[in-house]
Amino acid sequence: MRLTYETWGRRAEDGSNAVLVLHALTGDSHVAGPAGPGHPTPGWWDALVGPGRALDTDRWFVVAPNVLGGCQGSTGPSSPGPDGTPWGSLFPYLSVRDQVTAEAALADVLGIDRWAAVIGGSMGGMRALEWAVSRPERTGSLLVLAAPAAASADQIAWGSVQIGAIRSDPGWRGGDYHGAPPGEGPHRGLGQARRIAHITYRSAPELDSRFGGEAQPGEEPAHGGRYRVESYLDHHADKLVRRFDAGSYVTLTEAMNGHDVGRGRGGIARALARAELPALVAGVESDRLYPLTQQERLAALLPGADAAHTIASPYGHDGFLIETEQVGALVRELLPQPRTARTPVPSPTSP
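Residues numbered from 1 in each chain as written. Predicted model: local features only at pLDDT ≥ 70, side-chain atom pairs only at ≥ 80, totals over all residues. Heavy atoms only, no water.

## As for the UniProt feature "domain: AB hydrolase-1" (unreviewed entry) in the protein chain
We count it as follows: UniProt positions are given in the numbering used here, feature names are shortened, and annotations may be inferred rather than shown by experiment. Counting from the N terminus, the helices are the DSSP runs of H or I reaching at least four residues and the strands are the DSSP runs of E reaching at least two.
The UniProt entry lists residues 17–322 under the feature "domain: AB hydrolase-1" (unreviewed entry), expressed in the numbering used here. With 36% helix and 9% strand, the stretch residues 17–322 has end C-alpha atoms that lie 26 Å from each other.

## So, the side chain of Glu-130
Cut-off, in case you're wondering: Exposure is judged per residue with a 1.4 Å probe applied to protein chains only, and the accessible area is read against the type maximum: over 50% gives exposed, under 20% gives buried, and values in between give partly exposed. Here, two residues are considered to be in contact whenever any of their heavy atoms come within 4.5 Å of each other.
The residue Glu-130 is located in helix H2 (residues 123–134) in this model. With a relative accessible area of 4%, Glu-130 lands in the buried category. Residues in contact with Glu-130, not counting those within four places in the same chain, are Val-96, Arg-97, Val-100, Arg-135, Val-261 and Arg-265.

## Looking at helix H3 (residues 153–167)
Counted only if it meets this: Any helix carries an expected span of 1.5 Å times its number of residues minus one. The reported arc concerns the directions from the helix axis to the C-beta atoms and nothing else.
Here H3 contains 15 residues, and its C-alpha end-to-end distance of 21 Å stays within 8% of the 21 Å for a straight helix at 1.5 Å per residue. Buried within H3 we find Gln-155, Gly-159, Gln-162, Ile-163, Ala-165 and Ile-166. Take H3 and look down its axis: the buried residues cluster within an arc of 155°, on one side only. In this structure, the buried residues of H3 make contact with helix H4 (187–201), helix H7 (246–257) and helix H9 (292–301).

## A few points about the packing of aromatic side chains
Quick reminder of the rule: Note on aromatic contacts: the rings of Phe and Tyr and the six-membered ring of Trp form a pair at centre separations within 6.5 Å, being stacked when their planes are under 30 degrees apart, edge-to-face when over 60 apart, and tilted otherwise.
Evaluated as defined, the whole model comprises six aromatic pairs. Considering the side-chain rings of Trp-44 and Trp-45, the 5.1 Å spacing of their centres and the 35° angle between planes classify their relative orientation as tilted. Under the relative-accessibility criterion, Trp-45 is labelled buried at 1%. Measuring from centroid to centroid gives 6.3 Å for Trp-115 and Trp-131, while their planes differ by 90°, and the two rings are edge-to-face. In this pair, Trp-115 is assigned in the loop between helix H1 (96–110) and strand E5 (117–121) and Trp-131 in helix H2, connecting sequence segments 16 residues apart. We classify Trp-131 as buried; its relative accessible area is 0%.

## Digging into the layout of surface pockets
What counts, and what does not: Of the two site types, the cavity is a set of points on a 1 Å grid over the protein atoms alone where a 1.4 Å probe fits but cannot get out, and the pocket is an open set with protein on both sides within 12 Å along at least five of seven lines, each lined by residues with an atom within 4 Å of a point. Grid points are joined across faces, edges and corners, and a volume is the space filled by probe spheres set on the points. Following the grouping adopted for this structure description, the nonpolar residues are Ala, Val, Leu, Ile, Met, Phe, Trp, Tyr, Cys and Pro, the charged ones are Asp, Glu, Lys and Arg, and the polar ones are all others, Gly among them.
Computed from the structure, the largest pocket encloses a volume of approximately 930 Å³. Taken together, 37 residues line the largest pocket, and the ones lying closest to its centre are Thr-26, Arg-194, Arg-243, Asp-318 and Leu-321. Of all elements in the fold, only H3, H4, helix H6 (228–241), H7 and helix H10 (319–322) reach the threshold of two or more residues within the lining of the largest pocket. The residue makeup of the lining of the largest pocket, split by class, is 16 nonpolar, 14 polar and seven charged.

## As for unusual backbone geometry
Phi angles above zero are rare outside glycine, and Ser-122 is one such case at about 60°. Note that Ser-122 resides in the loop between E5 and H2. Taking relative accessible area as the criterion, Ser-122 reaches 5% and is therefore assigned buried. With a phi close to 50°, Ala-146 is a non-glycine residue in the positive phi region. Structurally, Ala-146 can be placed in the loop between strand E6 (142–145) and H3.

Shown next as structure tokens:
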């Protein structure tokens, strides 16, 4: 097993200033910084990480792993398997709990017995919550953004049709497509999955205000052309297929569909009662994929949380990525300011 990760700041000698940041479905370990070699896109929370920012790297040692099952350096379906060829269809099913077990092994390598905070949104919020429930003694505090205690039938349905779009692509080849010639993999299915997902990531009023029913300039829908909103979805599909593996998309979506912190633990309420630690829960007011009611329920059941916070945004689920000032305020509320400076030590190299 391999986990790729990035760090910012310097680890305190006792590891007590370490903060774990967990990405969403198609995110990666590159939370902050410009695009460059190995980083096809700029940092997805760049405004939050750095000197003087909410995750002040003069004070905090920020760690962001690429999730197990992903395709940005960590072991996933496109990685070499035991025989040296890509895992493909032989890659095992992963749960959110499996992914957190891998992240706990990373913490051991880094010499971090207890995170000062675990922070995540969407799929990252699921993993953050699993940290708090399964390893409360290693989770100093918790920030969950736009994520539920368990996937609902509606969310599983949306995820399942995306998986179906990928698997119905002839280029899928049962998951063993990694040796296919260029252009013959399941890029059409992956693009369609991204289109479906992106609709759920944004709010209906926002899409309507931006695009309405207007045709894409120079195109006529009545004669095979596209509407502006179709062009928008095509753009996001094209971006994703250039940087993401379809097998990882299926693996991670299956893990999200199976998310339920109460499974095998006596139910959600009993499971969340284990997380006796300071916690903040926030949702986006316009989120139609993970509606605010789910975060309100989650906050009510977490012993260390007050009422759920609301992120005001017209952008739907993506608001937790876009509204960085509001998210930054939550991070500052969660994290105490160190009273004394700690002696920094070099961080270990990647395992």
